[in-house]
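The lines below spell out each chain.
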Amino acid sequence: MTAIAVTGVTGRLGSLVARRLADSGATLRLVARDPSRVQPIGDAVVAAATYDDAAAFEAAVSGASTLLLVSATESDTRVADHITAIDAAIAAGVERIVYISFQGAAPDATFTFARDHWHTEQHLKSTGIAHTILRDNNYLAYVPALVDRADGVIRGPAGEGRFAPVSHEDIADVAAAVLSNDELLANETRDITGPQALSLNDVARTLTARTGRTITYEPQTRDEAFASRAHYGAPQWMVEGWVSSYEAIATGELGTVSDTVETVTGHPPTSLEQYLDAQPEALAGLFAHAEAADAAIEKPSRWRKQLTDHLGHRIDTTSGPTTSTFRFGDGFALATDTEAGLRLEAEAATGDRLAQIQDVVSRHLERFAHRHEISISWGPSPSR
Ligand SMILES: NC(=O)c1ccc[n+]([C@@H]2O[C@H](COP(=O)([O-])OP(=O)(O)OC[C@H]3O[C@@H](n4cnc5c(N)ncnc54)[C@H](OP(=O)(O)O)[C@@H]3O)[C@@H](O)[C@H]2O)c1
């Protein structure tokens with residue numbers, strides 16, 4: 001059986017695709033810069049290669065008929081590295097390449113990193129090899145990271161524009177389907193987006209509701225955006241990429257919603273709300289008392305005392321083994337795995353805030369209800 005070679009397997013997207021392909025019984029070659037960091041998947045072969053090393057890449061994908069090329073981390077040699085990898089794959093006998101690109105890829109794309117994708121796409125097409133180009137919108141996983149954790153503000157020159165962020169899981173579903181079927185999206189270029197075009201004000205509203213902290217969006221000018229990022233000391237091309245990622249929202253280049261996820265996988269794409277329901281840990285660090293909560297989590301005895309002193313309510317629950325952490329604007333809940341099962345303890349302010357926290361915790365715990373019996377008791381901390 002011919003194999004499918006998958007790159008990026010030490011990262012989020014590549015590992016999700018590899019897992020899906022393995023579950024469907026595919027023979028895999030997992031290509032990684034550092035094979036020691038690859039999570040073993042069945043009897044999949046692991047091979048070492050970077051994109052810029054033609055000989056290593058050719059050897060790594062040799063024996064594969066299809067390749068998933070996950071785009072490289074942004075760098076000033078990214079296009080050249082992609083071209084090296086594509087040519088090496090063709091030299092190795094690979095017959096089809098699926099490339100993870102970015103929505104709006106164009107030679108003059110506002111988002112400068114999307115220009116890299118266009119140049120890579122052009123090279124891929126020019127070789128004549130069978131291909132599919134999957135142009136992702138922004139990843140949902142990175143949406144909470146748009147917020148400045150110090151003051152809860154999203155800052156960028158995105159104007160009143162919109163984008164349609166998509167989950168890694170949905171992209172992986174599409175990519176795995178395409179890699180498993182030579183006919184599917186053959187020689188096509190498709191956008192992959194979430195279900196809605198969101199403004200950064202929409203994002204701020206959702207994150208406010210989820211965290212209890214007031215999160216806002218402040219549009220910047222281009223000059224303000226460069227100035228506010230100057231302290232990172234990053235190279236100019238990188239800062240240009242960061243700033244222009246917002247400008248591409250402003251221009252509408254990321255605002256078109258596509259139906260690719262639904263038509264290819266049969267399920268609708270995940271919304272921001274659904275994503276946060278499924279992965280509440282994505283909100284870690286966004287809560288007003290995140291630092292206190294982080295410190296407290298490291299020292300459970302200290303946090304119990306600190307929060308018991310500071311707040312007035314306690315939540316206890318038991319269920320089966322799993323781990324989750326919930327933090328709130330003026331309190332947080334911590335779920336820990338113990339042999340005795342899941343114990344959730346949360347402490348929070350009174351009145352409306354407590355009711356809000358009860359609601360969020362209850363909704364999150366419902367996720368486990370099919371597996372575990374869950375009981376929650378609310379009331380004043382016994383130590384007060
Ligand atoms: N749509 C978006 O919002 C968005 C945001 C950020 C990035 N991206 C792009 O989407 C890609 C996949 O996203 P992700 O979230 O899965 O990223 P990720 O978790 O950082 O994984 C990137 C993977 O690509 C590998 N890689 C990077 N540069 C490479 C190179 N020159 N040669 C060989 N392997 C290389 C990495 O290997 P190591 O583990 O050795 O580093 C890692 O396995 C990123 O690499 C980036 O190009 C998209």
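A few points on the structure. The structure displayed is predicted, hence computed values, not measured ones.

The rules behind these values
Residues numbered from 1 in each chain as written. Predicted model: local features only at pLDDT ≥ 70, side-chain atom pairs only at ≥ 80, totals over all residues. Heavy atoms only, no water. Salt bridge = Lys/Arg side-chain N within 4 Å of Asp/Glu carboxyl O. Helix = DSSP H or I, 4+ residues; strand = E, 2+ residues; numbered from the N terminus. Buried < 20%, exposed > 50% of the residue type's maximum accessible area, 1.4 Å probe, protein only. Pairing = 2+ DSSP bridges. Axes fitted to C-alpha atoms, helices over the stretch in contact; angles between N-to-C directions. Contact = heavy atoms within 4.5 Å. Arc of directions from axis to C-beta. Near = heavy atom within 4 Å. Polar contact = N/O pair within 3.5 Å; in protein donor to acceptor, adjacent residues only side chain to side chain. Nonpolar A, V, L, I, M, F, W, Y, C, P; charged D, E, K, R; others polar. Core = buried A, V, L, I, M, F, W, Y, C linked by side-chain atoms within 4.5 Å.

Moving on, we get to the pattern of salt bridges. Throughout the structure, instances matching the rule amount to 15 salt bridges. Here Asp173 makes a salt bridge to Arg20, at a shortest N to O gap of 2.5 Å. Of this pair, Asp173 sits in helix H5 (residues 168-179) while Arg20 is found in helix H1 (residues 12-23), placing the two residues 153 residues apart along the sequence. The exposure class assigned to Asp173 is partly exposed, which follows from its relative accessible area of 22%. One salt bridge in this structure joins Asp151 and Arg155, with 2.6 Å as the shortest N-O distance.

The strands making up a sheet associate through hydrogen bonds between their backbones, and the pairing can be parallel or antiparallel. The seven strands are arranged E3-E2-E1-E4-E5-E6-E10 in an open sheet whose pairing can be described as parallel. Looking at the sheet topology across the chains shown, the edges are occupied by strand E3 (45-48) and strand E10 (189-192). In this sheet, adjacent strand axes meet at a mean angle of 20° when their direction is disregarded. Direction of pairing for strand E1 (residues 3-6) relative to strand E4 (residues 64-69): parallel, over a ladder of four bridges. When the sheet's bridge partners are listed, Ala5 is paired in E4 with Leu67. Sheet contacts for helix H2 (residues 54-61): E1, strand E2 (28-32), E3 and E4; angle to E2, the most-contacted strand, approximately 160°. Where helix H3 (residues 78-92) meets the sheet, it contacts E4 and strand E5 (96-102), and its direction lies at approximately 170° from that of E4.

Those residues of H2 not exposed but buried are Phe57, Ala60 and Val61. The buried residues of H2 occupy an angular sector of 85° when the element is viewed end-on, so they sit on one face. Of the surrounding elements, those touching the buried residues of H2 are E1, E2, E3, E4 and H3.

For the rest of this paragraph, the subject is the site of the ligand. Around the ligand sit 22 residues in total, of which Thr10, Leu13, Ser71, Ala72 and His168 are the nearest. Within the contact set of the ligand, an oxygen atom lies 2.5 Å away from a side-chain nitrogen or oxygen of Thr10. Separating an oxygen atom of the ligand from a backbone N or O atom of Ala72 is a distance of 2.8 Å. Split into classes, the residues belonging to the shell around the ligand amount to eight nonpolar, nine polar and five charged.

Within the largest apolar cluster, 55 residues are counted, with the highest numbers of intra-cluster contacts made by Val6, Leu30, Phe57, Val61, Leu67, Leu69 and Ile97. The dominant element in this core, judged by the number of residues it contributes, is H5, at seven residues. In this view, Val61 contacts Ala5, Arg29, Val31, Leu67, Ala89, Ala92 and Val94; residues no more than four positions away in its chain are not counted. One finds Ala109, Leu140, Ile154 and Ala158 within the second-largest nonpolar core, a separate group that totals 30 residues.

Without other data, these values stay purely geometric and don't point to any function.
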